Amino acid sequence: MTENQKADHPGRELITFRVGEGEFGLDVMSVREIRGWTPATPVPGSPPFVRGVINLRGQVLPILDLAARLGLPPADPGARHVTIVTRIGGQTIGLLVDAVSDILSVAEEAVQPTPEAASEGVRALVRGLLALEGRMVGIVALDRLLPKVAEAA
């Protein structure tokens, strides 16, 4: 889609998914694929929300436990859990979530700011909220999920 087409497009599509008791969404254009849970190989010294890495068709794919990243209890992955393979900046990563729910078409003006009452950590990772039919969907800020790494000198 060109920049002009984006300007003419009144909203965007979100893929929604469950993490613990919450429902969250990502821009569908950032999702590469959705796959069943595959146990990850732990990486020593990585942050607690990094489950490890898997081999995805010859590519080493880091897996982030989105529950742990959002400050919730870490997931205990089973057969119903899925990995959403997405692109953040120049890196492909997998997000461990409980289940994928839906694809929604959303008008930009429907997204409300994350309330000040939310913790600073959640406000940093959730770009906004969408109120739909008695549900609240948090829009995940993909670009903020990975911690900043100091550049090598």
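### Looking at the overall build of the protein chain
- Within the protein chain, the regular secondary structure consists of three helices and eleven strands.
- Counting every position in the protein chain, which comprises 153 residues, the buried fraction comes to 38%.
- Contacts in the protein chain between residues at least 24 apart in sequence constitute 53% of all its contacts with a sequence separation of at least 6.
- For the protein chain, the accessible surface area stands at approximately 9,000 Å², while carbon and sulfur atoms represent 54% of it.

### Side note on the nonpolar core
- Core analysis: the biggest nonpolar cluster contains 24 residues, and F17, L26, L95 and L145 have the highest contact counts within it.
- When contributions to this core are tallied by element, the ones reaching two or more residues are β1 (11-19), β2 (22-27), α2 (66-69), β6 (82-88), β7 (91-97) and β10 (126-132).
- Residues contacting L145, with those up to four places away along its chain left out, are F49, L64, L66, R69, I88, L95, L125 and V140.

### A few points about the pattern of salt bridges
- Applying the stated criterion to the full structure yields seven salt bridges.
- In this structure, the salt-bridge partner of R18 is E23, at a minimum N-O distance of 3.9 Å.
- For R18, a relative accessible area of 31% translates into the label partly exposed.
- A salt bridge links D65 to R51; its shortest N-O distance comes to 3.1 Å. Pair noted here: D65 is in strand β5 (residues 59-65) and R51 is in strand β4 (residues 50-56), with a separation of 14 residues, a long-range link.

### Brief notes about the sheet that holds β5
- Spatial strand order, β3-β6-β7-β5-β4: five strands in an open sheet with mixed pairing. If you trace the sheet from one side to the other, it starts and ends with β3 (31-36) and β4, each paired once. Averaged over neighbouring strand pairs, the angle between their axes works out to 30° when direction is ignored.
- Two elements, β5 and β7, share three bridges in a ladder whose sense is parallel. Of the residues in β7, the one forming a bridge with I63 is G94.

### Regarding the confidence of the model for the protein chain
- Per-residue pLDDT for the protein chain averages 84, and the proportion of residues at 70 or more is 86%.
- Below a pLDDT of 50 lies the segment residues 1-9, which in the model reaches one contact outside its immediate sequence neighbourhood of four places, other chains included.
- Contacts of residues 149-153 to residues separated by more than four positions or lying in other chains number zero contacts, the stretch itself having pLDDT below 50.

### Some details on unusual backbone geometry
- One non-glycine residue, R57, adopts positive backbone phi at about 50°.
- Assignment of secondary structure puts R57 in the loop between β4 and β5.

### Let's talk about the pairing of β7
- Counting buried residues along β7, six of its seven residues qualify, which places the element largely inside the surrounding structure.
- Pairing between β6 and β7: seven bridges, direction antiparallel. Within β7, the residue paired with T83 across the bridge is L96.
- Counting the residues that bridge the hairpin from β6 to β7 gives two residues, and of these G89 lies at a positive phi of roughly 60°.

Analysis parameters
- Residues numbered from 1 in each chain as written.
- Predicted model: local features only at pLDDT ≥ 70, side-chain atom pairs only at ≥ 80, totals over all residues.
- Heavy atoms only, no water.
- Helix = DSSP H or I, 4+ residues; strand = E, 2+ residues; numbered from the N terminus.
- Buried < 20%, exposed > 50% of the residue type's maximum accessible area, 1.4 Å probe, protein only.
- Contact = heavy atoms within 4.5 Å.
- Areas by Shrake-Rupley, 256 points an atom, 1.4 Å probe, with all protein chains shown as cover.
- Core = buried A, V, L, I, M, F, W, Y, C linked by side-chain atoms within 4.5 Å.
- Salt bridge = Lys/Arg side-chain N within 4 Å of Asp/Glu carboxyl O.
- Pairing = 2+ DSSP bridges.
- Axes fitted to C-alpha atoms, helices over the stretch in contact; angles between N-to-C directions.
- pLDDT = per-residue confidence, 0-100.

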